[in-house]
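Architecture at a glance
Each chain is listed here by its residues.
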Amino acid sequence: FDALTRVYWPAVRTYVAFAWRLEEADAEDLTQELFARAFTGGFFDRYDPAKARFRTFMRMCVDRLAAKRRRDAGRLKRGGEAVTVPLELELTDGPVERPIAGGDDPEAVFRAEWVRSLMETAVARLEAEYDAAGHAVRFAVFRRYDLEGPDRPDRPSYAELAQELSLTTSQVTNYLHGARRDFRRSVLDTLRAMSGSEAEYRAEARELLGIDPP
């Protein structure tokens, strides 16, 4: 549930703000209610992996909840009797903004935000794993070369990165190779946790990474 919330919360929050034209506070409250319902149990009982991907199921749940709130003509209130999801997560940061990816198609917007959140979660998991293992410098190489804008004009060369981090060029090469491998594993592990079936997991991996996972 922790992984599910980390990946889907930003996607749901952005989607309802865009697709349902909600203000920031209303989008946040509706997202909070959705995950509160999911956390209290029974929420996923009606999910059938034979009918749809889990991502599609989540979007349908969002739409049903948003439609109900619109029918009730009631704005969600913060606090009061609302159930708070008991997770220590930093899930929101700043106002709701329409993502660049996705265009005018709400479903495409939801998928684009889901992919972004999935990747960010995988990066965070990898960084925590490397920190715990005492390999922070390896993640620093990966971050500086691959994450901080690979297309930027001032991207450092292997030699410049080696000098910056007091490494050899061979170490930079090896660390990048290992980090990219481990990052792909982290993405796959996160993706597996997000999938409703093995078939869905493999289909998502092929679409997202262009690979057939082991």
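Because the structure is a prediction, the values reported are computed rather than measured.

**So, the overall build of the protein chain**
Of the regular secondary structure elements, the protein chain holds eight helices and zero strands. If you list the helices and strands of the protein chain from N to C, you get α-α-α-α-α-α-α-α. Buried residues in the protein chain amount to 42% of all 214 residues. Taking the intrachain contacts of the protein chain between residues at least 6 apart in sequence as the baseline, contacts between residues at least 24 apart amount to 66%. For the protein chain, the accessible surface area stands at approximately 12,000 Å², while carbon and sulfur atoms represent 50% of it.

**Some words on the pattern of salt bridges**
Two side chains that carry opposite charge are able to pair once their charged atoms sit near each other. Inspection of every chain in the model, using the stated rule, returns 27 salt bridges. Note that Glu-204 and Arg-53 form a salt bridge whose closest N and O atoms lie 3.1 Å from each other. A residue pair is termed long-range when its members are at least 10 positions apart, and Glu-204 in helix H8 (residues 198–209) and Arg-53 in the loop between helix H2 (24–39) and helix H3 (54–72) qualify at 151 residues. The class of Arg-53 is partly exposed, set by a relative accessible area of 24%.

**With respect to the side chain of Asp-182**
Examined against the element boundaries, Asp-182 turns out to sit in helix H7 (residues 169–194). Reaching out from Asp-182, the side chain makes a polar contact with the side chain of Tyr-130 at a distance of 2.5 Å. The residues touching Asp-182, leaving out its near neighbours within four places in the chain, are Leu-126 and Tyr-130.

**Quick look at unusual backbone geometry**
Unusually for a residue other than glycine, Arg-21 sits at a positive phi of about 55°. Of note, Arg-21 is situated in the loop between helix H1 (2–19) and H2. Owing to a relative accessible area of 62%, Arg-21 belongs among the exposed residues under this scheme. The phi dihedral of Ser-166 is positive, around 60°, even though this residue is not glycine. Position of Ser-166 among the secondary structure elements: in the loop between helix H6 (158–164) and H7. What makes Ser-166 exposed here is its relative accessible area of 67%.

**Some thoughts on the packing of aromatic side chains**
For the structure on display, the rule yields 12 aromatic pairs. Centre to centre, the rings of Tyr-15 and Phe-110 are 5.3 Å apart; their planes meet at 75°, and the pair counts as edge-to-face. With a gap of 95 residues between them, Tyr-15 in helix H1 and Phe-110 in helix H4 (residues 106–132) connect regions that are remote in the sequence. Stacked on the ring of Tyr-145, the Lys or Arg Arg-155 has its end atom at 3.6 Å from the ring centre.

**Focus: the packing of H2 against H3**
Between H2 and H3, the shortest axis-to-axis distance is 11 Å and the interhelical angle comes to 120°. Classed by the angle they form, the pair H2 and H3 counts as oblique. Regarding H2 and H3, the two cross each other, and that crossing is right-handed. For the pair H2 and H3, the contacting residues are Leu-30, Glu-33, Leu-34, Phe-35 and Arg-37 in the first and Met-58, Cys-61, Val-62, Leu-65, Ala-66 and Arg-69 in the second. In terms of residue class, the contact of H2 with H3 is made up of eight nonpolar, no polar and three charged.

**Examining the confidence of the model for the protein chain**
Detailed reading of the predicted model is not advised wherever pLDDT is low. Looking at the protein chain as a whole, its pLDDT mean stands at 86, while 86% of the residues score no less than 70. Within the model, the stretch residues 73–100 combines pLDDT values under 50 with 51 contacts to residues more than four positions away or in other chains.

Thresholds applied
- Residues numbered from 1 in each chain as written.
- Predicted model: local features only at pLDDT ≥ 70, side-chain atom pairs only at ≥ 80, totals over all residues.
- Heavy atoms only, no water.
- Helix = DSSP H or I, 4+ residues; strand = E, 2+ residues; numbered from the N terminus.
- Buried < 20%, exposed > 50% of the residue type's maximum accessible area, 1.4 Å probe, protein only.
- Contact = heavy atoms within 4.5 Å.
- Areas by Shrake-Rupley, 256 points an atom, 1.4 Å probe, with all protein chains shown as cover.
- Salt bridge = Lys/Arg side-chain N within 4 Å of Asp/Glu carboxyl O.
- Polar contact = N/O pair within 3.5 Å; in protein donor to acceptor, adjacent residues only side chain to side chain.
- Phe/Tyr/Trp six-rings, centres within 6.5 Å; stacked < 30°, edge-to-face > 60°.
- Lys NZ or Arg CZ within 6 Å of the ring centre and 35° of its normal.
- Axes fitted to C-alpha atoms, helices over the stretch in contact; angles between N-to-C directions.
- Parallel < 35°, antiparallel > 145°, perpendicular 65-115°, else oblique.
- Left-handed = near helix turned anticlockwise from the far one by under 90°.
- Nonpolar A, V, L, I, M, F, W, Y, C, P; charged D, E, K, R; others polar.
- pLDDT = per-residue confidence, 0-100.

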